[in-house]
Amino acid sequence: MNSRIASELRLPSSALISADAMIRLEDVAVRYRAPEERLGTFKEYAIRRLQRRVRYADFFALDGINLEVRRGEIFGIIGRNGAGKSTLLKVVSRVLVPRRGRLYLGGEVSPLLELGAGFHPELTGRENVMLNGTLLGRTRRELEARMDSIVDFAELGNFIEAPLRTYSSGMAARLGFAVATAWQPDILLVDEVLAVGDEAFQHKCQVRMQTFRDAGTTALIVTHDMVTAAALCARAAWLERGKICSIGPTARVIEDYRAA
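Residues numbered from 1 in each chain as written. Predicted model: local features only at pLDDT ≥ 70, side-chain atom pairs only at ≥ 80, totals over all residues. Heavy atoms only, no water.

(A) Just the overall build of the protein chain, in detail. Check the secondary structure of the protein chain and you find 8 helices and 10 strands. Every one of the 260 residues in the protein chain was classed for burial, and the buried ones make up 47%. For the protein chain, contacts bridging at least 24 residues in sequence account for 72% of all contacts bridging at least 6. Accessible area for the protein chain stands at about 13700 Å²; split by element, carbon and sulfur atoms hold 49% of it. (Helix = DSSP H or I, 4+ residues; strand = E, 2+ residues; numbered from the N terminus. Buried < 20%, exposed > 50% of the residue type's maximum accessible area, 1.4 Å probe, protein only. Contact = heavy atoms within 4.5 Å. Areas by Shrake-Rupley, 256 points an atom, 1.4 Å probe, with all protein chains shown as cover.)

(B) The arrangement of the packing of helix α3 (residues 125-135) against helix α4 (residues 140-154) in detail. For the pair α3 and α4, interaxial distance at closest approach is 10 Å and the crossing angle is 130 degrees. The angle between the axes of α3 and α4 places the two elements in the oblique class. Seen along the crossing, α3 lies across α4 with a hand that is right-handed. From α3, Arg126, Val129, Met130, Gly133 and Thr134 reach across to α4, where they touch Arg140, Leu143, Glu144, Met147 and Ile150. Looking at the contact of α3 with α4, its residues break down into 5 nonpolar, 2 polar and 3 charged. (Axes fitted to C-alpha atoms, helices over the stretch in contact; angles between N-to-C directions. Parallel < 35°, antiparallel > 145°, perpendicular 65-115°, else oblique. Left-handed = near helix turned anticlockwise from the far one by under 90°. Nonpolar A, V, L, I, M, F, W, Y, C, P; charged D, E, K, R; others polar.)

(C) Looking closely at the side chain of threonine 250. With respect to the secondary-structure elements, threonine 250 resides in helix α8 (residues 250-259). Leave out the neighbours within four places in its chain, and threonine 250 touches Ala229, Ala230, Cys233, Ala234, Arg235 and Ala236.

(D) Inspection of the nonpolar core at higher detail. Val129, Tyr167, Leu175 and Met209 are the most contacted members of the largest nonpolar core, which totals 35 residues. Ranked by the residues each element gives to this core, the list is headed by helix α5 (residues 169-180), at 7 residues. The residues touching leucine 175, leaving out its near neighbours within four places in the chain, are Phe119, Gly125, Val129, Ile150, Ala154, Leu156, Ile160, Leu164 and Tyr167. (Core = buried A, V, L, I, M, F, W, Y, C linked by side-chain atoms within 4.5 Å.)

(E) Region of the structure containing the packing of aromatic side chains. Applying the stated rule across the entire model yields 4 aromatic pairs. With 6.4 Å between their ring centres and 85 degrees between their planes, phenylalanine 159 and tyrosine 167 make a pair best called edge-to-face. Arranged with centres 5.8 Å apart and planes meeting at 65 degrees, the rings of tryptophan 238 and tyrosine 257 form a pair that is edge-to-face. With tryptophan 238 in strand β9 (residues 235-240) and tyrosine 257 in helix α8, the pair connects residues that are 19 residues apart, well separated along the chain. The ring of phenylalanine 153 carries lysine 204 above its face, with NZ or CZ at 4.5 Å from the centroid. Positioned above the aromatic ring of phenylalanine 153, the side-chain terminus of arginine 208 is 3.7 Å from the ring centre. (Phe/Tyr/Trp six-rings, centres within 6.5 Å; stacked < 30°, edge-to-face > 60°. Lys NZ or Arg CZ within 6 Å of the ring centre and 35° of its normal.)

(F) Highlighting the sheet that holds β9. Ordered in space as β6-β7-β8-β4-β9-β10, the 6 strands form an open sheet in which the pairing is mixed. The open sheet has two edge strands, β6 (109-112) and β10 (243-249), and neither has a second partner. Across the sheet, the mean angle from the axis of one strand to that of its neighbour is 15 degrees, orientation sign disregarded. With 4 bridges connecting them, strand β4 (residues 74-78) and β9 associate as parallel partners. Bridging from a neighbouring strand, isoleucine 78 pairs with tryptophan 238 of β9. Of the strands in this sheet, β4, β6, β7 (187-191), β8 (218-222) and β9 are in contact with helix α2 (residues 85-92), which crosses β7 at around 155 degrees. (Pairing = 2+ DSSP bridges.)

(G) Main features of the environment of glutamate 127. Among the structural elements, glutamate 127 can be located in helix α3. For glutamate 127, a relative accessible area of 40% corresponds to the partly exposed category.

(H) The arrangement of α3 in detail. If you check which residues of α3 are buried, you get Gly125, Asn128, Val129, Met130, Asn132 and Gly133. Elements that come into contact with the buried residues of α3 comprise α4 and α5. Glycine 137 lies just past α3 and shows a positive phi near 95 degrees.

(I) Quick peek at α4. Here α4 contains 15 residues, and its C-alpha end-to-end distance of 19 Å stays within 8% of the 21 Å for a straight helix at 1.5 Å per residue. Helix geometry: α4 is bent most strongly at arginine 146, by close to 50 degrees. In this structure, the buried residues of α4 make contact with α3, α5 and α6 (199-214). In the stretch just after α4, glutamate 155 is the one whose phi turns positive, near 55 degrees. (Expected span 1.5 Å × (residues − 1). Bend = angle between axes of the 7 residues up to and from the residue.)

What follows is the structure, given as structure tokens:
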């Protein structure tokens, strides 16, 4: 396990953090600015910007988020589109620095925010494994050692030698998931990527997630699939307009969300 890592913001007092906490957010807020009116073209925007006639409205994608995820826990985040779920994952992965608040991480983070990011359509599946794995921080020797298991998990067979442009979207997603989860991380962030492939492959993904959990990996999962959330997550949080409306046992949070 890596040494504990603070975000770019202040590290909370260790007295405030439970011994098994792997992710902790304290009063985290992310604010965006957007033009108050729609401008049809970039030229129109540029002219009005130079004339200082563009007016902006501020809104909080996250506002006052307090959350703790324990070691070995798969924690679910549910909510409607635009509720702030993906923004929350970007804060935890340190892609975004919040306007205020504190972030604490108890290990190395492995984000699955977009499967196959970095894949090239003209390269073969095997070459894309090497490319994508390198972007994820793996060495050539590590990738070569795991190549057979990655191909087997993705169920690609001889297609691994074919250009990615010949793959279906499901095949490419399966390969991306297989590469991203070929090594067990300390903290895994998953954004709507478990629903890849057919039902049998989705079950394989869930089994791998459960294996990670049993081995001590902590996971934060964003999903619209209530069945997946109920199957994988003992606890969950419902986000609405950047705020946590309900948090606790997954079945109760799903009931609150559906009732609203």
